[in-house]
Amino acid sequence: MKLTVHVFLTLDGVMQAPGGLEEDQSGGFARGGWLVPLVDDDFGVVVEGWFGRVGEFLLGRSTYDAMFPYWSQVTDPDNPAAVALNGLPKHVVSSTLKPTWAHTTVIDGADLVAGVSALKAREAAVPGGELQVHGSHQLVGALHNAGLIDEYHLLTFPVVVGGGKRLFEADAVPSGFEVIRTQATASGAVYQQLRPIPLRTGGEFVVEDGREVTRD
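The rules behind the values
Residues numbered from 1 in each chain as written. Predicted model: local features only at pLDDT ≥ 70, side-chain atom pairs only at ≥ 80, totals over all residues. Heavy atoms only, no water. Helix = DSSP H or I, 4+ residues; strand = E, 2+ residues; numbered from the N terminus. Buried < 20%, exposed > 50% of the residue type's maximum accessible area, 1.4 Å probe, protein only. Contact = heavy atoms within 4.5 Å. Areas by Shrake-Rupley, 256 points an atom, 1.4 Å probe, with all protein chains shown as cover. Arc of directions from axis to C-beta. Polar contact = N/O pair within 3.5 Å; in protein donor to acceptor, adjacent residues only side chain to side chain. Pairing = 2+ DSSP bridges. Salt bridge = Lys/Arg side-chain N within 4 Å of Asp/Glu carboxyl O.

**As for the overall build of the protein chain**
A tally of helices and strands in the protein chain yields five helices and 10 strands. Taking the principal axes of its C-alpha atoms as reference, the protein chain extends roughly 70 × 40 × 35 Å. The buried share of the protein chain, taken over its 216 residues, is 41%. Within the protein chain, contacts between residues at least 6 apart in sequence are counted, and of these 68% link residues at least 24 apart. Accessible surface for the protein chain amounts to roughly 11,500 Å². Of this, 54% is attributable to carbon and sulfur atoms.

Right under this line is the structure:
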């Protein structure tokens, strides 16, 4: 399975609590719900496309705890996110969780790389479907540093919130990215689909014969 990460971001790189005031107040975060005023039809099309490609989910424990009480109540058959989250396999990284959400299994965080690698090697419950991570700040950081993420699907919104959990923290392994797709929504959010590639460094700007040029 292709492992894809799906994250909502602010301009300053924060991914914490996009959908509600009380979604995640850890660290004293008090600006939850920053995404909600900017939701529009274009946003809906992008996110529905995500859930149309999912085969299974991989979630961090905190994200699971936040999603379960909300999404398990949504029984609308026309809601693609609810249908997928309630009906497809979910794998949660935890050492203590005893899951009550249907179709949920647990991956021991001590064996994260081996457990996720084994998942990626399987065929998804939905043939051709992706193994999708949504939110899951700590998990995404570990997967990034282990080189296990195949694609990032990022929606960046035109807001700055200051402190909060960031997608790429100071200890993130350096990486370049190939841009596969980009588009803007009517409310000003920018959607990017990115594939990790090796980071290129060492170039410089120099002046030669009175002209500015680049040199590797």
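**Overview of helix α5 (residues 137-145)**
Looking at α5, one finds that the buried residues are Leu139, Val140, Leu143 and His144. Considered in projection along α5, the buried side chains sweep an arc of 135° and stay on one side of the axis. Positive phi shows up at Gly147, right after α5, with a value of about 70°.

**Points about the side chain of Thr185**
Mapping Thr185 onto the fold places it in the loop between β7 (176-184) and β8 (190-197). Apart from residues lying up to four places away in sequence, Thr185 is in contact with Asp40, Asp42, Phe43 and Leu155.

**A short note on the environment of Gly176**
Looking at where Gly176 falls in the secondary structure, it is placed in strand β7. Discounting chain neighbours no more than four positions away, the residues touching Gly176 are Arg195, Pro196, Ile197, Pro198 and Leu199.

**Digging into the side chain of Asp12**
By secondary structure assignment, the location of Asp12 is in the loop between β1 (3-10) and α1 (41-52). Polar contacts involving the side chain of Asp12 include one to the main-chain amide nitrogen of Gly162, which spans 2.8 Å. The contacts of Asp12, once residues within four sequence positions are left out, are Val159, Val160, Val161, Gly162 and Arg166.

**Digging into the environment of Gly19**
Here Gly19 shows up in the loop between β1 and α1. Linking Gly19 and Val46, residues 27 residues apart in sequence, is a C-alpha distance of 16 Å.

**Considering the pairing of β8**
Judged from the five bridges that link them, strand β6 (residues 151-157) and β8 form a sheet pairing that is antiparallel. Along β8, the bridge assignment pairs Leu154 with Gln192. Taken together, the eight bridges between β7 and β8 define a ladder with antiparallel strand orientation. Each residue of the ladder has a partner; that of Gly176, found in β8, is Ile197.

**Notes on the pattern of salt bridges**
Oppositely charged side chains can pair when the atoms bearing their charge come close. For the coordinates displayed, the defined rule picks out 11 salt bridges. Among the salt bridges present, the one from Lys2 reaches Glu151, with a minimum N-O distance of 3.2 Å. Residue Lys2 is found in the segment before β1, and its partner Glu151 is found in strand β6; the two are separated by 149 residues along the sequence. We classify Lys2 as partly exposed; its relative accessible area is 35%. Between Arg122 and Glu56 there is a salt bridge, and its shortest N-O distance comes to 3.3 Å. A residue pair is termed long-range when its members are at least 10 positions apart, and Arg122 in the loop between α4 (112-121) and β5 (130-134) and Glu56 in strand β2 (residues 54-60) qualify at 66 residues. Note on Glu56: relative accessible area 1%, which makes it buried. Linked by salt bridges that have partners in common, Lys2, Glu151, Glu178 and Arg195 make up one network.

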